[in-house]
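# Working through the structure, step by step
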Amino acid sequence: MLENLPKTYNPKDFEERLYNYWNDSGHFIAHVDENKKPYTIMMPPPNVTGSLHMGHALNNTIQDILIRWKRMEGYSALWLPGTDHASISTEARVVNKIKAEGKTKEGLGREGFIEEAWEWTHKYGNTIKNQLKKLGVSSDWTRDRFTLDEGLSNAVEEVFIRLYEKGLVYRGDRIINWCPSCMTAISDAEVEHEDQDGHIWHIRYPIKDSEDYIIIATTRPETMLGDLAIAVHPEDERYKELVGKTAILPLMNREIPIVADDYVEMEFGTGAVKITPSHDLNDFEVGARHGLGQCIIMNENGTISPEGNIYQGLERYEARKRIVEDLEKQGFLVETKEHQNAIGHCERCSTVVEPLISKQWFVKMEPLARPALEAYDRGELNFIPERFGKVYVNWLENIRDWCISRQLWWGHRLPVYYCDDCGEIMVSKTKPHNCSKCNGVNIHQDNDTLDTWFSSALWPFSTLGWPEKTEDLGYFFPTDVLVTGYDIIFFWVIRMVFSSLEQMGELPFKDVFLTGLVRDSEGRKMSKSLGNGIDPLEIIEEYGADALRFTLVTGNTPGNDMRFYMERVEANRNFANKLWNASRFVLMNLEEGIEKSQFDVEKLEEEDRWIISRLNTVIKEATENLDKYEIGLAAGRIYDFIWDEYCDWYIEMVKSRLYGDDVSSKETAEQVLLYVLKDILKLLHPFMPFITEEIWQHLPGNDSPLILSSWPEYKNELDFPDSEGAIEFIKTAIKSIRNARAEMNIAQSKKSNQIFVTDDEKIKSIIAKGERYFLNLASADEIEFSENKEGMGEDNISVVLDRCEVYLPLKELIDFEKEIDRLEKEKEKLEVEIKRVNGKLSNDGFVKKAPEKVVLEERKKKDKYEEMLEKVLERLEGLKSNR
RNA sequence: GGGCGGUUAACUCAGCUGGUAGAGUGUCAUCUUGACGUGGUGAAAGUCGUAGGUUCGAGUCCUAUACCGCCCACCA
């Protein structure tokens with residue numbers, strides 16, 4: 001009955017079954033329960049049409065570990081999942097899809113297109129959710145949300161209107177980043193700067209009614225078509241006389257003023273700058289200061305507008321080429337230099353972004369950023385790792401207004417209406433019947449949609465029903481921790497913080513856990529274009545979700561990028577296999593019937609107390625590390641305990657009792673094996689949920705049908721320091737004996753007597769009680785004791801231990817030259833240690849200033865090493881004189 | 001131009017508040033012992049980037065510096 005685990009660990013046999021069981025039985029559903037403390041995590045919503053990549057796998061594994069752990073600790077733990085409509089990216093996909101069918105956006109019209117987009121969303125929207133389930137995420141699917149849900153859309157409109165009414169959302173003509181490919185405005189955060197080799201051109205602008213001229217420098221010569229001035233620094237002696245005069249714009253023959261403005265850097269270029277107010281942020285500001293007006297020379301698709309005269313219709317780079325040629329032909333080009341420059345690209349499609357003036361909607365950032373900075377300064381917001389706090393502060397301190405309108409159709413349409421008669425702007429959730437100003441009835445809604453991040457910014461509370469005062473909102477908000485990649489601090493983290501402070505009056509979360517990037521084995525970013533991405537699902541298919549999860553959270557540190565190695569997945573799969581087989585071993589040896597894990601403390605033997613005491617420590621350390629978000633360290637502690645202490649030592653030590661005749665001892669061993677195994681499974685469960693649950697369900701006498709029920713507790717009364725000391729001594733002795741035998745090439749099967757020479761009663765008793773350990777684990781035939789080493793002879797191997805020496809009579813097998821070499825090595829090691837300890841102890845400063853405890857320890861070490869060295873030397877002497 | 005991270009065993013990385021350097025993988029040797037060869041046992045392998053400093057004591061703190069990488073930034 002008990003031995004019913006299959007012989008080999010095969011995760012495919014049970015992962016899916018267990019997930020469905022958990023999910024169907026409602027264990028992931030969080031309940032508002034005033035008797036419990038809430039613990040809340042909002043899942044960063046992946047793109048609704050996306051599919052799972054390693055980044056998702058990493059941060060969802062971390063969230064799952066935290067939420068499972070807290071659930072086991074007794075919290076009412078909510079992990080709310082959902083997806084994001086991802087306006088710009090989804091729209092682009094849908095456009096491609098209909099294009100393949102020979103259709104266009106314009107052809108379909110707004111409503112038709114949105115219908116297509118919903119269809120697409122419904123078709124692909126479940127893909128990533130199903131993939132997350134394979135990973136084992138224990139999120140509450142009954143609370144699944146989508147950013148375009150009715151409720152969330154309502155929250156978006158509510159926030160927009162509130163901000164508008166407070167004057168924090170406004171409409172204006174400003175320089176924005178325009179993507180000529182996506183054909184929409186994008187925010188500063190969506191522009192990626194990349195240094196590129198380019199040119200800087202020096203161009204001569206003639207001065208009107210004069211032979212004189214002024215030379216300017218530019219990296220974007222095509223924008224000269226829109227030049228409305230030349231600016232120089234007011235203090236620049238070179239140009240003082242020219243200020244106030246008029247220059248003639250080459251190619252266009254437009255008269256433009258020469259103005260003085262201290263924005264100009266005298267040292268850069270020629271010290272004279274062409275001013276194109278409609279196509280450059282700085283120029284826009286200079287233009288405003290000098291009343292220059294606007295001249296837009298580029299269309300939305302990146303071609304030259306009618307304002308560009310004979311260059312009209314040319315693509316922007318073609319125009320640049322033609323303009324430079326023409327300038328050269330007409331003698332205006334002074335020189336062309338190589339120049340490196342940071343060029344802005346669209347984060348979505350990598351097209352070079354064009355700064356241009358446009359009428360857009362903005363969020364006024366300064367009043368929102370201030371509270372966000374103050375909250376951080378008060379220490380209410382923690383970043384893990386801390387260093388990302390600086391990134392947060394730096395961004396907020398230099399923030400500019402946020403352009404939130406997008407010329408897209410897929411998303412939240414602005415709740416803004418215009419009166420066609422008087423132009424009045426009305427902001428409202430529903431279309432007004434009459435103009436609030438002129439009472440006219442010709443009213444139309446703004447065509448733009450909002451930046452996707454405007455809705456994601458509300459995620460921590462919009463998902464809980466805000467602006468309604470729901471029970472969920474009252475109980476689960478604010479959330480506890482946000483787990484996400486450091487690459488979206490600007491896009492998302494900061495925007496959630498200020499949105500929540502503004503709307504809810506408090507932070508959306510206390511802690512922000514930032515993960516690094518998962519890179520390929522050569523350290524490259526995984527990307528579609530490189531084709532170096534590793535599909536988490538393939539890993540799960542081959543090695544199981546548990547191995548993948550463990551790989552992602554061990555061996556690296558929060559916020560650092562990691563390389564993904566198949567070898568590590570394999571190693572972790574092997575670990576799972578190890579646990580699987582250890583569990584099989586336990587089950588095979590359990591006798592049926594009684595409740596086995598309740599041991600009687602009085603009946604515990606040395607190794608039982610040792611493993612229980614060690615388990616106690618591991619529980620404490622693992623919990624402490626989880627508390628500090630040191631997930632990798634916690635996992636490492638548990639791994640080491642399972643493999644090194646439970647499997648390699650405890651199980652081996654206990655075997656003789658299981659196969660022996662002492663029924664009581666056997667029963668205690670079984671109880672402890674099971675007791676420790678159960679806690680091991682619980683400790684490991686958040687990390688490896690599937691295998692632990694599967695094994696759990698095969699164990700007898702469980703207090704709960706599911707392992708998710710409780711987290712092991714540290715128990716003071718189960719600390720046994722004396723037993724730990726005794727077993728540590730035994731382990732060291734066994735290792736030393738094994739080592740000596742292996743160095744002498746003595747087969748494990750070749751047994752010998754082991755004669756322990758010691759006059760230390762305590763050590764003697766430890767060894768005597770541990771006889772069976774030496775018989776089973778150190779190839780001893782029989783152990784004997786001797787008060788002194790008289791009569792030991794020089795034909796034995798001798799292993800020197802602390803306060804003890806062991807002789808292994810293996811006469812005919814010993815190569816004494818080899819034994820001398822081995823002891824020489826031993827001697828050198830000891831001498832190095834003694835030298836080090838002596839160095840410390842003879843240092844006056846150390847003895848006086850170091851803590852007493854440390855000094856005492858060093859003294860003990862000194863005595864120990866000296867004693868051991870003495871024995872080694874005696875042996876060496878004896879061996880050498882005998883040869 | 002600012003800011004940040006990395007530099008520790010052949011490879012990939014841990015090493016939290018300073019007190020004799022650890023793991024996984026790989027390598028070598030060995031073992032069909034009644035859970036596991038996806039295993040057991042043992043071994044070899046590190047001047048902790050460099051130079052200073054603080055300290056009785058530094059991989060760990062401070063200051064420089066080199067190399068690699070990342071982020072931010074309106075010098076046209």
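Residue numbers run consecutively from 1 along every chain, following the written order of its sequence. Just so you know, chain letters begin at A and ligand numbers begin at 1, following the order they were written in. With pLDDT at 70 or above as the cut-off, local features in this predicted model cover only qualifying residues; side-chain atom pairs require 80 or more to be listed or tallied, and sums for whole chains, interfaces and linings still use all residues. Only hydrogens and water are set aside when side-chain values are computed; all heavy atoms of the structure are taken into account.

### Side note on the overall build of chain A
Note the following rule: Only DSSP runs of H or I reaching four residues or more are called helices, and only runs of E reaching two or more are called strands; each is numbered from the N terminus. Any residue under 20% of the maximum accessible area for its type is buried, any over 50% is exposed, and the rest in between are partly exposed; the area is computed with a 1.4 Å probe on protein chains only. Contact definition: two residues touch when any of their heavy atoms are within 4.5 Å.
Looking only at helices and strands, chain A has 27 helices and 29 strands in total. With the C-alpha coordinates of chain A rotated into their principal frame, the extents come out at 120 × 65 × 55 Å. For chain A, with 883 residues in total, the buried portion stands at 54%. When contacts within chain A are restricted to residue pairs at least 6 apart in sequence, long-range pairs at least 24 apart make up 76% of them.

### Overview of empty space enclosed by the protein
How we decide: Each cavity reported here is a set of points on a 1 Å grid over the protein atoms alone in which a 1.4 Å probe fits but cannot get out, each pocket an open set with protein on both sides within 12 Å along at least five of seven lines, and each lining residue one with an atom within 4 Å of a point. Grid points are joined across faces, edges and corners, and a volume is the space filled by probe spheres set on the points. Here the term charged refers only to Asp, Glu, Lys and Arg, the term nonpolar to Ala, Val, Leu, Ile, Met, Phe, Trp, Tyr, Cys and Pro, and the term polar to all other amino acids, Gly among them.
Taken as a whole, this structure holds 4 cavities of 30 Å³ or more when the rule is applied. In this structure, the largest cavity occupies an estimated 110 Å³ of space. Along the wall of the largest cavity there are 15 residues; nearest its centre are Ile 62, Phe 513, Asn 556, Thr 557 and Pro 558. For the lining of the largest cavity, the secondary structure elements donating two or more residues are α2 (54-72), β23 (511-515), α16 (545-553) and α19 (631-658). Residue composition of the lining of the largest cavity, by class: 8 nonpolar, 7 polar and no charged. Of the volumes computed, that of the second largest cavity is approximately 70 Å³. Around the second largest cavity, the lining residues are Val 159, Leu 163, Val 363, Leu 368, Trp 402, Phe 454, Ala 457, Leu 458, Phe 498, Ser 499, Glu 502 and Gln 503.

### With respect to the protein's contact with RNA strand B
Definition in use: Here a residue is considered near a molecule or strand provided that any single heavy atom belonging to it is located within 4 Å of it. Nitrogen and oxygen atoms within 3.5 Å of one another constitute a polar contact, given that in protein one can donate a hydrogen and the other can accept it, and given that sequence-neighbouring residues count only through two side-chain atoms.
Neighbouring residues of RNA strand B: 62 residues in total, closest Asn 282, Gly 555, Trp 643, Glu 833 and Lys 849. The sugar-phosphate share of atoms of RNA strand B within 4 Å of the protein amounts to 62%. Residue Cys 647 places a main-chain N or O atom 3.5 Å away from a base nitrogen belonging to RNA strand B. Between RNA strand B and Glu 652, the relevant distance is 3.0 Å, taken from a base nitrogen to a side-chain nitrogen or oxygen of the residue. Of the residues forming the surface near RNA strand B, the biggest block, 11 residues, is contributed by helix α17 (residues 566-589). In terms of residue class, the surface near RNA strand B is made up of 23 nonpolar, 19 polar and 20 charged.

### With respect to the pairing of strand β2 (residues 76-80)
Here is the rule: Strands are treated as partners if at least two bridges between them are detected by DSSP. For the handedness criterion, the strands are oriented away from the viewer, and a crossover whose path from the first strand over the helix to the second runs clockwise is classed as right-handed.
Of all 5 residues making up β2, 5 are buried, and the element is well covered by its neighbours. Here β2 shows no split at all, with Ser 76, Leu 78 and Leu 80 on one side and Ala 77 and Trp 79 on the other all buried. Bridge analysis of strand β1 (residues 38-42) against β2 gives 5 bridges, and the strand direction is parallel. Paired with Pro 38 across the bridge in β2 is Ser 76. Handedness of the crossover joining β1 and β2 through α2 is recorded here as right-handed.

### Side note on the packing of α16 against helix α21 (residues 689-696)
This is how it is decided: To get an axis, fit a line to the C-alpha atoms, keeping to the stretch in contact for a helix; angles then go from 0 to 180 degrees between the N-to-C directions. If an angle is under 35 degrees, it is roughly parallel; if it is over 145, roughly antiparallel; if it lies from 65 to 115, roughly perpendicular; otherwise it is oblique.
Taken N-terminus to C-terminus, the directions of α16 and α21 make an angle of 130°; their axes are 7 Å apart at the nearest point. Classed by the angle they form, the pair α16 and α21 counts as oblique. Of the residues in α21, those touching α16 at Ala 545, Asp 546 and Arg 549 are Pro 689, Phe 690 and Ile 691. Residue composition of the contact of α16 with α21, grouped by class: 4 nonpolar, no polar and 2 charged.

### A closer look at the sheet that holds strand β29 (residues 804-809)
Pairing within the open sheet is mixed, and its 4 strands lie in the order β27-β26-β29-β28. Each edge of the open sheet is held by one strand with a lone partner, namely β27 (780-786) and β28 (796-801). Neighbouring strand axes in the sheet, compared pairwise and without regard to direction, differ in orientation by 20° on average. Across 6 bridges, strand β26 (residues 752-757) lies against β27 in parallel orientation. Looking at β27, one finds that Gln 754 is bridged to Ile 783.

### Some remarks on the packing of aromatic side chains
Our working definition: Only Phe, Tyr and Trp rings take part, Trp by its six-membered ring, and two of them pair if their centres are within 6.5 Å. Stacked means planes under 30 degrees apart, edge-to-face means over 60, and tilted covers everything else. A positively charged side chain is recorded as over a ring if its NZ (Lys) or CZ (Arg) lies within 6 Å of the ring centre. The angle to the ring normal must also be within 35 degrees.
Evaluation of the coordinates by the stated rule reveals 39 aromatic pairs. Across the ring face of Trp 409, the terminal group of Lys 105 is positioned such that the distance to the ring centre comes to 4.9 Å. We note Lys 678 situated over the ring of Trp 696; from NZ or CZ to the ring centre the distance is 6.0 Å.

### A word on the confidence of the model for chain A
To keep things clear, this is the line we draw: Confidence of the predictor at the level of single residues is captured by pLDDT, which takes values from 0 to 100.
Taken residue by residue, chain A gives an average pLDDT of 94. The fraction at 70 or more is 99%. Under the prediction, the complex receives an ipTM of 0.96, its pTM being 0.95.

### Some thoughts on the nonpolar core
Short version of the rule: By nonpolar core we mean a set of buried residues, namely Ala, Val, Leu, Ile, Met, Phe, Trp, Tyr and Cys, connected to one another through side-chain atoms within 4.5 Å.
If you look at the biggest cluster of nonpolar residues, it comprises 131 residues, and the most contacted ones within it are Leu 66, Ile 612, Tyr 646, Val 676, Phe 687 and Phe 774. No other element matches α19, which puts 14 residues into this core. Setting aside anything within four residues of it in sequence, one finds Leu 66 in contact with Tyr 39, Ile 41, Val 481, Val 483, Tyr 629 and Ile 631. Membership of the second largest hydrophobic core comes to 60 residues, among which are Leu 163, Ala 189, Phe 388 and Val 416.

### A closer look at the layout of surface pockets
Each pocket or cavity is described by its volume, and for the second largest pocket that value is around 890 Å³. Lining the second largest pocket are 37 residues, and of these Phe 729, Thr 732, Leu 801, Asp 802 and Lys 864 lie nearest its centre. Those elements that provide at least two residues to the lining of the second largest pocket are α22 (721-743), α23 (761-769), β28, α25 (816-841) and α27 (852-882). Here the lining of the second largest pocket gets 14 residues from one element, more than from any other, and that element is α22.

### A word on the state of the cysteines
Here is the rule we go by: Throughout, disulfides are identified as pairs of cysteine sulfur atoms within 2.5 Å of each other.
Taken as a whole, this structure holds 0 disulfides when the rule is applied. Here Cys 349 stays free of any disulfide, with the sulfur of Cys 179 as its closest cysteine sulfur at 3.4 Å. On the basis of relative accessibility, which here comes to 29%, the residue Cys 349 falls in the partly exposed class. In this structure Cys 438 is a free cysteine whose sulfur lies 3.5 Å from that of Cys 419, the closest cysteine sulfur available. Overall, the relative accessible area of 37% leaves Cys 438 in the partly exposed class.

### Notes on the environment of Lys 849
Note on placement: Lys 849 falls in helix α26 (residues 844-849). On a C-alpha basis, the gap between Lys 849 and Ala 457 in space is 55 Å, while along the polypeptide they are 392 residues apart.

### A closer look at the pattern of salt bridges
Condition: One side-chain nitrogen of Lys or Arg within 4 Å of one carboxyl oxygen of Asp or Glu is enough to make a salt bridge.
Scanning the model with the defined rule gives 66 salt bridges in all. In this structure, Asp 480 and Lys 510 form a salt bridge, with 2.9 Å as the shortest nitrogen-oxygen distance. Taken together, the residues Asp 480 in the loop between α13 (471-476) and β22 (481-485) and Lys 510 in the loop between α14 (489-503) and β23 connect sequence positions 30 residues apart. A single network of salt bridges, built from pairs that share partners, joins Glu 605, Glu 607, Asp 608, Arg 657 and Arg 772.

### As for α16
Where burial is concerned, most of α16 is hidden: 9 out of the 9 residues are buried. Every buried residue of α16 is listed here: Ala 545, Asp 546, Ala 547, Leu 548, Arg 549, Phe 550, Thr 551, Leu 552 and Val 553. Looking one or two places after α16, you find Gly 555, whose phi comes out positive at around 70°.

### Topic: the sheet that holds strand β14 (residues 354-363)
In spatial order, the strands read β6-β5-β14-β16; together these 4 strands make up an open sheet with antiparallel pairing. At either margin of the open sheet sits one strand with a lone partner, and together these are β6 (184-186) and β16 (402-403). By the bridge criterion, 2 bridges tie β14 to β16 in an arrangement that is antiparallel. The residue of β16 that forms the bridge with Phe 362 is Cys 403.

### Some details on unusual backbone geometry
Cis geometry marks the peptide bond from Ile 384 to Pro 385; its omega dihedral reads 0°. Structurally, the position occupied by Pro 385 is in the loop between β15 (382-384) and α10 (388-397). In this structure, Pro 467 follows Trp 466 across a cis peptide bond, with omega equal to 10°. The residue Pro 467 is located in the loop between α12 (459-462) and α13 in this model. One non-glycine residue, Asn 745, lies in positive phi territory at about 60°.

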